[in-house]
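A look at the structure
Residues per chain, in single letters:
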Amino acid sequence: YAAQQSEARVIAYDATRDPHRPERLSLMSELRRAIDDDALTLVFQPKIDVTTGQVRGAEALVRWTHPRHGPVSPAEFIPLAEETGTIRFLSRWVLRKSIRKLAEWRTMGLDLKLAVNLSVRDLGDRSLPEHVSDLLLQSAVPPDRLTLEITESAVMRDPDAALVVLERLAALGVDLSVDDFGVGQSSFSYLRRLPVAELKIDQSFVRPLAASADDRSIVRAIVELARALNLRVVAEGVEDADSLELLAGFGCDGAQGYFIARPLEAARFEDFARQPPVPSKFAVT
Ligand code: C2E
Ligand code: MG
Ligand code: MG
Ligand code: MG
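Here the structure is a predicted model, which means the values were calculated and not measured.

Analysis parameters
Residues numbered from 1 in each chain as written. Chains lettered and ligands numbered in written order. Predicted model: local features only at pLDDT ≥ 70, side-chain atom pairs only at ≥ 80, totals over all residues. Heavy atoms only, no water. Donors = N, O, S within 2.8 Å, 3.2 Å for Na, K, Ca; no water. Buried < 20%, exposed > 50% of the residue type's maximum accessible area, 1.4 Å probe, protein only. Near = heavy atom within 4 Å. Polar contact = N/O pair within 3.5 Å; in protein donor to acceptor, adjacent residues only side chain to side chain. Areas by Shrake-Rupley, 256 points an atom, 1.4 Å probe, with all protein chains shown as cover. 1 Å grid on protein atoms, 1.4 Å probe; cavity = no way out; pocket = protein on both sides within 12 Å on 5 of 7 lines; lining within 4 Å. Sits in = over half its atoms within 2 Å of the grid points. Helix = DSSP H or I, 4+ residues; strand = E, 2+ residues; numbered from the N terminus. Nonpolar A, V, L, I, M, F, W, Y, C, P; charged D, E, K, R; others polar.

Some thoughts on the coordination of the magnesium ion (ligand 3)
Here the magnesium ion (ligand 3) is held by the protein donor atoms D179 (OD), D180 (OD), E236 (OE) and E236 (OE), which lie 2.1 to 2.6 Å from it. Written as a sequence motif, the donor arrangement for the magnesium ion (ligand 3) is D-D-x55-E. Taken as a pair, the magnesium ion (ligand 3) and the magnesium ion (ligand 2) show a spacing of 4.0 Å, with D179 coordinating each metal. D180 sits in the partly exposed class, given a relative accessible area of 24%.

What follows is the structure in structure tokens.
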């Protein structure tokens, strides 16, 4: 019965029977080409200090304009890149560009942090810490300027393997953040062991904050958990002024979201970061 079942599964995943498969594969070879040709771009979404309104840095988000299909959402191509292994090349491209950007900001007199998203595959890549270390040294960027965002679910896929890579990254002095916190299969015992400095509250709890008492309770509880564990806490998906005010009241450290700014092209982000933190600067679109 077991053999029958596994055979059935093989047949179910037969490439010739999956109408989406050829298209997905060609999309991935086109993504590989875009990486090699430097045809991807990064946009930068500001992360602010909730109490002062000051821009502390940004999250780097990758953008891909396909030659025929136009803009393809990372929500579409990142999971595919993870499945096919292309993510390894993508992550290294994003890291290289991001660390160069950090070096550029320093020469411009902008003391900012930059967060890069890692994927589950990166956490199994034992050569990644050395690669990151080399890039930081080449650009003379202090390691604590770089934040690496990892989702809870990525860590929990293979916690022991992830822990090896994360500990080596943390030993470099790189800042680690748990992204999309609250929607993964949280294991508090692992959370306690992870060498992370920041929790990033998932936007599904933050977007409805002003309208939902339940979400306010959850966010308040996550802020308290972070406090108790001596972690910084950032809310993503802040879409209105009321939410930002609530977060300040809860004692949340940082915020990111459309109300503060959309992901911006480098030059626009740099202008945004240079502005003094006055309320009128909010709501850049
Ligand atoms: P994420 O890391 O959780 O990034 C936050 C996503 O939420 C971004 O979408 C951002 O544009 C969006 N967002 C920010 N503020 C708001 C808001 O106020 N409201 C709403 N509705 N959305 C908001 P984006 O750029 O489409 O990226 C989606 C996901 O794709 C990211 O989620 C991340 O998991 C992945 N991703 C993006 N860039 C990279 C990358 O360079 N490498 C890797 N591995 N993953 C990436
Ligand atoms: Mg992120
Ligand atoms: Mg997130
Ligand atoms: Mg997300």
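What follows continues from the structure just given.
Examining the site of ligand 1
Inspection of the region around ligand 1 gives 21 residues, with R63, N117, Q203, E239 and Y258 positioned closest. The side chain of E59 places a nitrogen or oxygen atom 3.0 Å from an oxygen atom of ligand 1. Interatomic distance of 2.5 Å between a side-chain N/O atom of E239 and a nitrogen atom of ligand 1. Contact with the protein chains hides 85% of the accessible area of ligand 1, taken as 810 Å² for the molecule alone. For ligand 1, the cavity whose grid points lie within 2 Å of the majority of its atoms is the largest pocket. Mapped by element, the contributors of at least two residues to the shell around ligand 1 are β2 (55-66), α3 (74-84), α4 (87-107) and β6 (175-181). Sort the elements by how many residues they give to the shell around ligand 1 and β2 lands first, with four residues. Taken together, the residues that form the shell around ligand 1 break down as nine nonpolar, five polar and seven charged.

Structural notes on the coordination of the magnesium ion (ligand 2)
Each protein donor to the magnesium ion (ligand 2) is listed here as E59 (OE), N117 (OD1), E149 (OE) and D179 (OD); together their distances run 2.0 to 2.2 Å. Along the chain, the residues donating to the magnesium ion (ligand 2) are arranged with the sequence spacing E-x57-N-x31-E-x29-D.

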